[in-house]
Amino acid sequence: AAAAATAPRLCLPVLARHACGNLVDIGINVKRGQRHQVADLLQRAAAAGVTHVLLTGTTLPQSRDMAEVCSEFDGKVQGVGVRFTAGVHPHTASTIQAEDWPVLRQTLLHPLCVAVGETGLDYDRMLSPRAVQLQSLERHLQLAVELNKPLFLHERDLDAHKGPSRNSGAELTHLLDRFHAQGLRADQVCIHCFTGSAVQLREYVRRGYFIGITGFVAMHKRGAQLRAAIKDGALPLAQLMVETDSPYMQPEGLPKDVGVQGRQNEPCFLPWVVKALAECYGVNPKVVADTSTANAMRFFFGKQQPAAAPPAAAAAA
C-alpha cells in the first residue's frame, strides 16, 4: 500500500525526457485488487514512450481477470495497447484441476490474448513438484500448438549458491523439442525474464528463441554476468525483447528527479532497461528500443513493424 501511494508522485515530464523511443513492455504483473491503479500506471507508461503493455497471466483466475482489465483499458489511456497472456505459472501448477484446462483454452481464444503462459519450470523454489510442473508445461505446449499461439516461458534453475544444477533448462528444451516436431516454431518461443547463465542463454539463442530482458540487467551486482554475456555477443539484438516484470526487477540507477520511492517497479521505468542494454551493445538506446519493439510486435501481434517506429532504424540494428 505504501509503494502504491507513492507512485503518483512520479514526474511525468522527467519520464518523457528519458524516453528513448516507442517501447513494448512484454511482461507486467497486475493483481485483482490493483485494477483501480491501471489508468495511472498507463499514463506514466505513455509518458516514458511505452506504447503497449502485456499483462502476464500466472493462474487461471488471474488470467481471466487480465482479460477483463484488457477489455476495459486497451487503447483507452493515451492510446496504450493493453493485452494479456493466459497460463499457469509453475509455482501454482499443483493447483490445476482437470476441469480447468478447457477454461484455459477458452481464455486463450479471447481476442486480446496474445500468448500461452506464463508457464515453464522453476526448479529453484520448487513450489510445485517437478513432475507436476512438467505435466503442466506439456499441457500448455499442446494448447500452443493447437491454437498456433506464441509461448511465454519461465525457466529458473536452482540458484548456484544453493547447490548443483537441477537441469531446468535442459528439461525445458527437451520437452520443447517434442513439440517442435509437432509444428511449434522456434520463433514462437520467448524465454521471459531471463536471469540465467551465459551457457543457457547461448543455447536458447542458438535454437532461435526470443529472450525477454528485465531490469535485472541494470542491477550492478546481480546483473553483472548477464551484462558480460551480452557484451560478448551471446544475445543478438534480433532476438531481444524488453520487459519490466513489474512490480519486480526495478532497474538500478533511476535518477532522483523521477520521484521514485521504494523498490516497486512499473512500465515507465522500461527506458532504463533499454539504456543498460544499449551500453552492453555499444549502440544508441533508440536502436535497442526500435529493434526490441519491432521484435515484440512481430512475435505477439504478427506485425512487421510497430505503428510509429521507422523501419530503417530497426534494419540498421
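Residues numbered from 1 in each chain as written. Predicted model: local features only at pLDDT ≥ 70, side-chain atom pairs only at ≥ 80, totals over all residues. Heavy atoms only, no water.

On to unusual backbone geometry, then. Note: most peptide bonds trans; most residues except glycine with negative phi. Residue glutamate 118 follows glycine 117 across a cis peptide bond; omega there is 20°. Here glutamate 118 shows up in strand β4 (residues 113-122). Proline 247 follows serine 246 through a cis peptide bond whose omega is 10°. Phi is positive for glutamine 78, close to 55°, though the residue is something other than glycine. Note that glutamine 78 resides in the loop between α4 (60-73) and β3 (81-86). (Helix = DSSP H or I, 4+ residues; strand = E, 2+ residues; numbered from the N terminus.)

Our focus in this paragraph is the packing of helix α5 (residues 100-108) against helix α6 (residues 130-147). In contact at an axis separation of 11 Å, α5 and α6 are set at 40° when each is read in the N-to-C sense. Classified by the angle their axes make, α5 and α6 are oblique. Relative to α6, the crossing made by α5 is right-handed. Within the contact between the two elements, α5 uses Trp101, Leu104, Arg105 and Leu108 and α6 uses Ser136, Arg139, His140, Leu143, Glu146 and Leu147. Residue classes in the contact of α5 with α6 are distributed as 5 nonpolar, 2 polar and 3 charged. (Axes fitted to C-alpha atoms, helices over the stretch in contact; angles between N-to-C directions. Parallel < 35°, antiparallel > 145°, perpendicular 65-115°, else oblique. Left-handed = near helix turned anticlockwise from the far one by under 90°. Contact = heavy atoms within 4.5 Å. Nonpolar A, V, L, I, M, F, W, Y, C, P; charged D, E, K, R; others polar.)

This part covers the pairing of β4. Here β4 lies mainly inside the structure; 10 of its 10 residues are buried. The pairing of β3 with β4 spans 3 bridges and is parallel. Along β4, the bridge assignment pairs threonine 85 with alanine 115. In this structure, β4 lies alongside strand β5 (residues 151-156), joined through 5 bridges in parallel fashion. When the bridges of β5 are listed, threonine 119 appears paired with leucine 153. Since β4 and β5 lie parallel, the crossover through α6 that links them has a hand, and here it is right-handed. (Buried < 20%, exposed > 50% of the residue type's maximum accessible area, 1.4 Å probe, protein only. Pairing = 2+ DSSP bridges. Right-handed = clockwise from strand over helix to strand, strands pointing away.)

Across its 13 residues, helix α7 (residues 168-180) extends 18 Å between first and last C-alpha, which sits within 8% of the 18 Å expected from 1.5 Å per residue. Buried residues of α7: Ser168, Gly169, Leu172, Thr173, Leu175, Leu176 and Phe179, and no others. The arc that holds the buried residues of α7, viewed along the axis, is 165°, so those residues lie on one side. Among the structural elements, β4, α6, β5, β6 (189-191) and α8 (198-207) are those in contact with the buried residues of α7. (Expected span 1.5 Å × (residues − 1). Arc of directions from axis to C-beta.)

Let's shift gears to α8. Of the residues making up α8, those classed as buried are Gln200, Leu201, Tyr204, Val205 and Arg207. Buried residues of α8, seen end-on, are gathered within an arc of 160° and therefore sit on one face of the element. Residues Val199 and Arg206 are exposed on α8 and point more than 90 degrees away from its buried face. Of the surrounding elements, those touching the buried residues of α8 are β5, α7, β6, β7 (210-213) and α9 (224-231). Once α8 finishes, glycine 208 follows within two positions and takes phi at roughly 95°, a positive value.

Attention now moves to the packing of aromatic side chains. Per the stated rule, a full pass over the model turns up 6 aromatic pairs. With centroids separated by 5.4 Å and ring planes inclined at 65°, the aromatic side chains of phenylalanine 210 and phenylalanine 299 adopt a geometry described as edge-to-face. With phenylalanine 210 in strand β7 and phenylalanine 299 in helix α11 (residues 285-301), the pair connects residues that are 89 residues apart, well separated along the chain. Residue classification places phenylalanine 210 among the buried positions, given a relative accessible area of 10%. Overall, phenylalanine 299 belongs to the buried group, its relative accessible area being 7%. Here the aromatic residues Phe152, Phe210, Phe299 and Phe300 are joined through ring pairs into a cluster of three or more. Of note, arginine 130 hangs over the ring of tyrosine 123, and the distance from its end group to the ring centre comes to 4.6 Å. (Phe/Tyr/Trp six-rings, centres within 6.5 Å; stacked < 30°, edge-to-face > 60°. Lys NZ or Arg CZ within 6 Å of the ring centre and 35° of its normal.)

This part takes up the packing of α4 against α5. Across the interface, α4 lies against α5 with an axial gap of 10 Å and an inter-helix angle of 20°. As far as their axial angle goes, α5 and α4 are roughly parallel. Of the two elements, α4 crosses α5, and the hand of that crossing is left-handed. Contacts between α4 and α5 involve Leu60, Ser63 and Arg64 from the first element and Asp100, Val103, Leu104 and Thr107 from the second.

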